[in-house]
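As a plain string of letters, each chain reads:
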Amino acid sequence: MAATNREAILGAAAQLFLEFGYDRTPLARVAERAGVSKATLFKQFPTKAELFEATVLAAGGSPTPEPVEIPTGDLHAGLVVLGRAYAELVTRPRMVALMRTVIAESPHFPELRERTFDFGALPVLQALGRYLREAHTAGSADIADPDLASAQFLGMIASAIFWPRLMHGTWSITEEEQARAVDEAARTIAARFAATP
C-alpha cells in the first residue's frame, strides 16, 4: 500500500509541478490529485522540497532497471556505455521539463538547488565515479581527480545534447548525432587519462 501511495503521489506531483510550477503547487492539491490523505503525503514527504527531489529522482529512474555491463580494461568503451546511459537519462521529456522548473524556481527557493543539484542523474554519476576510480586503481587510467574527470565528461555530453534542448524547446538531435557526441566525449577523456603503456 505504501509503495502504491508513493507512486500515486509522485505521479500527481510531477503533473502539478509541470503544470503550475513549484511555488503554485500546494501539497494539499498533490494529496487530492493522488487520492491520498494529507497525513499519508506528509508521512512520506514532510516538505515540498523533499517531494520535488523525489519527483526528479523518479523521473530519472527506470521502472525496470536493467544492469549495465561496463567493459573493463578499455577506458573508452566503458565511458561510451556510461555516457549513453547519461544521455538517455537527461533527454527524457519529463526530466527536461522538471529541470526547467528547477531553473525557473530555484532563485526563490534555494532548497531546490541544494536538493536537486544532480537532477536525478546521481546513479550515473556514482557509477561513473566508481568506474574511473577502479580504472585508476587497475592502472588502465591515470586519474588523480575522478570527480573532476566525471564532471568534464558529462559536461561535454550535456553541452551537446542537453543544454540546447533545455534552452530551445523545438531543438532536436538524431540518435546518430547523440551517439557521436557521446563517443567524441569518451575519446577525449580516454585520450587525456588512459595510462600509457
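Just above sits the structure.
What you see is a predicted model, and the numbers here were worked out from it, not measured in a lab. (Residues numbered from 1 in each chain as written. Predicted model: local features only at pLDDT ≥ 70, side-chain atom pairs only at ≥ 80, totals over all residues. Heavy atoms only, no water.)

Counting secondary structure elements, the protein contains 11 helices and 0 strands. When the helices and strands of the protein are placed in sequence order, the string is α-α-α-α-α-α-α-α-α-α-α. For the protein, the proportion of its 197 residues judged to be buried stands at 42%. Taking the intrachain contacts of the protein between residues at least 6 apart in sequence as the baseline, contacts between residues at least 24 apart amount to 70%. For the protein, the accessible area works out to roughly 11000 Å², and carbon and sulfur atoms hold 55% of it. (Helix = DSSP H or I, 4+ residues; strand = E, 2+ residues; numbered from the N terminus. Buried < 20%, exposed > 50% of the residue type's maximum accessible area, 1.4 Å probe, protein only. Contact = heavy atoms within 4.5 Å. Areas by Shrake-Rupley, 256 points an atom, 1.4 Å probe, with all protein chains shown as cover.)

Let us look at the side chain of Q178. By the secondary structure assignment, Q178 is in helix 11 (residues 175-193). Leave out the neighbours within four places in its chain, and Q178 touches A87, E88, T91, I161 and I173.

Under the definition given, this model contains 4 aromatic pairs. Judged by centre distance (4.8 Å) and plane angle (75°), the rings of F17 and F52 are edge-to-face. In this pair, F17 sits in helix 1 (residues 2-20) while F52 sits in helix 4 (residues 48-60), placing the two residues 35 residues apart along the sequence. Considered together, F17 and F52 belong to a single accessibility category, that of buried residues. (Phe/Tyr/Trp six-rings, centres within 6.5 Å; stacked < 30°, edge-to-face > 60°.)

Counting 58 residues, the largest nonpolar core has L51, L75, L79 and F153 as the members making the most contacts within it. Counting only elements with at least two residues in this core, the list comes to helix 1, helix 2 (27-34), helix 4, helix 5 (75-90), helix 6 (93-105), helix 8 (122-138), helix 9 (146-161) and helix 11. Ranked by residue count, the leading element in this core is helix 5, at 8 residues. Discounting residues that sit within four places of it in the chain, L51 has contacts with I9, L10, A13, F17, L27, V30 and F45. (Core = buried A, V, L, I, M, F, W, Y, C linked by side-chain atoms within 4.5 Å.)

Let us now look at helix 11. Between its terminal C-alpha atoms helix 11 stretches 27 Å, which fits the 27 Å expected from 19 residues at 1.5 Å a residue. Summarising the contacts, the buried residues of helix 11 are in contact with helix 5 and helix 9. (Expected span 1.5 Å × (residues − 1).)

This paragraph deals with the environment of V90. Residue position: V90 is located in helix 5. For V90, a relative accessible area of 4% corresponds to the buried category. V90 sits 71 residues away from I161 along the chain, and the two C-alpha atoms are 8.5 Å apart. Beyond its immediate stretch of four places on either side in the chain, V90 contacts V96, M99, I161 and F162.

Okay, the packing of helix 5 against helix 9 next. It is the contact of helix 5 with helix 9, at a shortest axis distance of 10 Å, that shows an interaxial angle of 45°. Here helix 5 is positioned oblique relative to helix 9, judged by the angle of their axes. For the pair helix 5 and helix 9, the crossing hand works out as right-handed. On helix 9, the residues touching L79, G83, Y86, A87 and V90 of helix 5 are F153, L154, I157, A158 and I161. (Axes fitted to C-alpha atoms, helices over the stretch in contact; angles between N-to-C directions. Parallel < 35°, antiparallel > 145°, perpendicular 65-115°, else oblique. Left-handed = near helix turned anticlockwise from the far one by under 90°.)

Two numbers describe how helix 5 lies on helix 11: the axes approach to 8 Å, and their chain directions differ by 140°. The pairing of helix 5 with helix 11 is recorded here as oblique in orientation. For the pair helix 5 and helix 11, the crossing hand works out as right-handed. Across the interface between the two elements, L75, H76, L79, V80, G83, R84, A87 and E88 from helix 5 touch Q178, V182, D183, A186, R187, I189, A190 and F193 from helix 11. Across the contact of helix 5 with helix 11, the residue classes tally to 9 nonpolar, 3 polar and 4 charged. (Nonpolar A, V, L, I, M, F, W, Y, C, P; charged D, E, K, R; others polar.)

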